[in-house]
Amino acid sequence: MSKSAKKQMSKKDRKRLEQLFRMIGSPNAGEAENARRLILEMLARYRKTWNDLTDLMRGDTNADTWGAAFDDDRSAEQHAGDAVDAGLPEAAVKEPPNVLELVRFILEEYIDMKPREYIAVALWVLHTHLFDRFTISPRLAFTSPVRGCGKTTALAVIEQLAYRPERMDGATPAVLFHIIDRLHGTLLVDEADNLGLNVNGILRAVLNSGHRKAGSIRRVIKGAPKKFSTFAPMAIGCIGSLPLPLMQRSVIIDMEKTAGGNLQRFDTGNSQTMQRINIVYGFVTRWARSKPKLALDPKLPKDLKSRVVDNWRVLIAIADTFGPAWARIAREAAITFAHAYHDEDAGVILLSDLRDILNRTAADRMASVELIMALLDIEESGWSEYRGVRDDQTPRKLSQGEMARLLRPFGIRPRPIWALAKRRKGTSKRGYYRSQFEQAWARYCAEDVTPSQASNVAYIGSR
């Protein structure tokens, strides 16, 4: 925030903001809701949003006063009593409060995930409050095969718990890097499958570069070069898959349709819900401002490799601050994640093998059944003993349907394959054209792909 913007708010109003924010943690639900309403009205007068609250209170751009609700004259026992009355687990709010357990509890109340995923997301939420102390900020990717699997709810809950959240359903690259550079907070992007990431290289560059602290992008603004930082925590929701480089920079949460159970409906208009959220947020920010001692290079399981190591190093460093039990739980979760998600790797291996087959045959198209036969003939390929995208199923031969599912995230789907000689009735089969793979090969396969020259192409089924 500029100096001129800070001068617009008087000391009296800044003090009033602090008083109102303390009231958000009140055990009286009506009082807490009224305080939130008054804060929003005051922010609107100054043409500011909730994200500007930190800078407006006390006019200090460096101090994070989001935890002010826990800096009043009440004792720790009184705060714990308010938390228990709000339905939070008593064991987690004793001094010092276990904010990791509290965040996990909130996630379990409103989101349907697997046990290891609750741990990963809770650690990720905490990392957003300390991300500037790390050189890596892992992305958090909520993916699902269809709509209605809870991605939007997950992002809505995280929005209430993360550091300086900015949530959006779509944005241009310029909007993103301007927001990241100004906010230095947490970016929450829903509906990422509508952003055109497969064709928008600049947008992919912004999302990928922000994984590392040195990440930045340069643009010419009013005739002068300007550097924008892209380093920030980011959670993304999408149907299907994200581009592989972004997936590799992410902790992937595979969302599914909920089977029911005891999940509560997440409603920010519900005063009891927001009371619990605000209390937990207060505990989290107080923990973050205490500057917990972090081992930035903790001992990691040998099962973790490549960027998985980078991503989980951050989360495990957070977990280690909560003692040996949580350190063990986090490492077990990391190992499970490393073993569970092989779909992107399997898809890239399949792309590479299909490229070799089409190059070897010089074909411009091939039926699915013929591609499967060629894949099964590749020695040591693993397609004859395929165990599913998570490597946890009974070994079997890869089927046409499974091949189609692996190719779908890359935008490649089977089509009718016609013989070129005569398009007689019954001469078409389902398969793929070489042209469908060119873009994916260029992006995901290391070897350069050169399309076959027309004079060298054999047309399958034309004889």
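The rules behind the values
Residues numbered from 1 in each chain as written. Predicted model: local features only at pLDDT ≥ 70, side-chain atom pairs only at ≥ 80, totals over all residues. Heavy atoms only, no water. Helix = DSSP H or I, 4+ residues; strand = E, 2+ residues; numbered from the N terminus. Buried < 20%, exposed > 50% of the residue type's maximum accessible area, 1.4 Å probe, protein only. Areas by Shrake-Rupley, 256 points an atom, 1.4 Å probe, with all protein chains shown as cover. Pairing = 2+ DSSP bridges. Axes fitted to C-alpha atoms, helices over the stretch in contact; angles between N-to-C directions. Contact = heavy atoms within 4.5 Å.

Draft legend 1. Seen up close, the overall build of the protein chain. On a plain count of helices and strands, the protein chain comes out with 18 helices and 10 strands. Relative to its full complement of 463 residues, the protein chain shows a buried share of 50%. For the protein chain, the accessible area works out to roughly 22,300 Å², and carbon and sulfur atoms hold 49% of it.

Draft legend 2. Examining the environment of I372 more closely. With respect to the secondary-structure elements, I372 resides in helix α16 (residues 368-376). Classification of I372 as buried rests on a relative accessible area of 9%. Linking I372 and M403, residues 31 residues apart in sequence, is a C-alpha distance of 8.1 Å.

Draft legend 3. Focus on the pairing of strand β5 (residues 224-229). Summarising the sheet, strand β4 (residues 216-221) and β5 pair through 6 bridges and their orientation is antiparallel. Looking at β5, one finds that I221 is bridged to A224.

Draft legend 4. The arrangement of the sheet that holds strand β10 (residues 429-433) in detail. In space, the 3 strands of this open sheet follow the order β8-β10-β9, with antiparallel pairing throughout. With one partner strand each, in any of the chains shown, β8 (365-367) and β9 (415-417) form the two edges of the open sheet. Averaged over neighbouring strand pairs, the angle between their axes works out to 55 degrees when direction is ignored. Sheet analysis places β8 next to β10, joined by 3 bridges and oriented antiparallel. Paired with R365 across the bridge in β10 is Y433. With respect to the sheet, α16 is in contact with β8 and β10, its orientation differing from that of β8 by roughly 85 degrees.

Draft legend 5. Just the sheet that holds strand β7 (residues 250-254), in detail. With parallel pairing, the 5 strands of this open sheet are ordered in space as β2-β3-β6-β1-β7. Of all the strands in the sheet, just β2 (165-168) and β7 have a single pairing partner and so form its edges. The average angle at which neighbouring strand axes cross in this sheet is 15 degrees, direction not considered. Here 5 bridges tie strand β1 (residues 139-144) to strand β6 (residues 234-239), and the two strands are oriented parallel to one another. Of the residues in β6, the one forming a bridge with A141 is I236.

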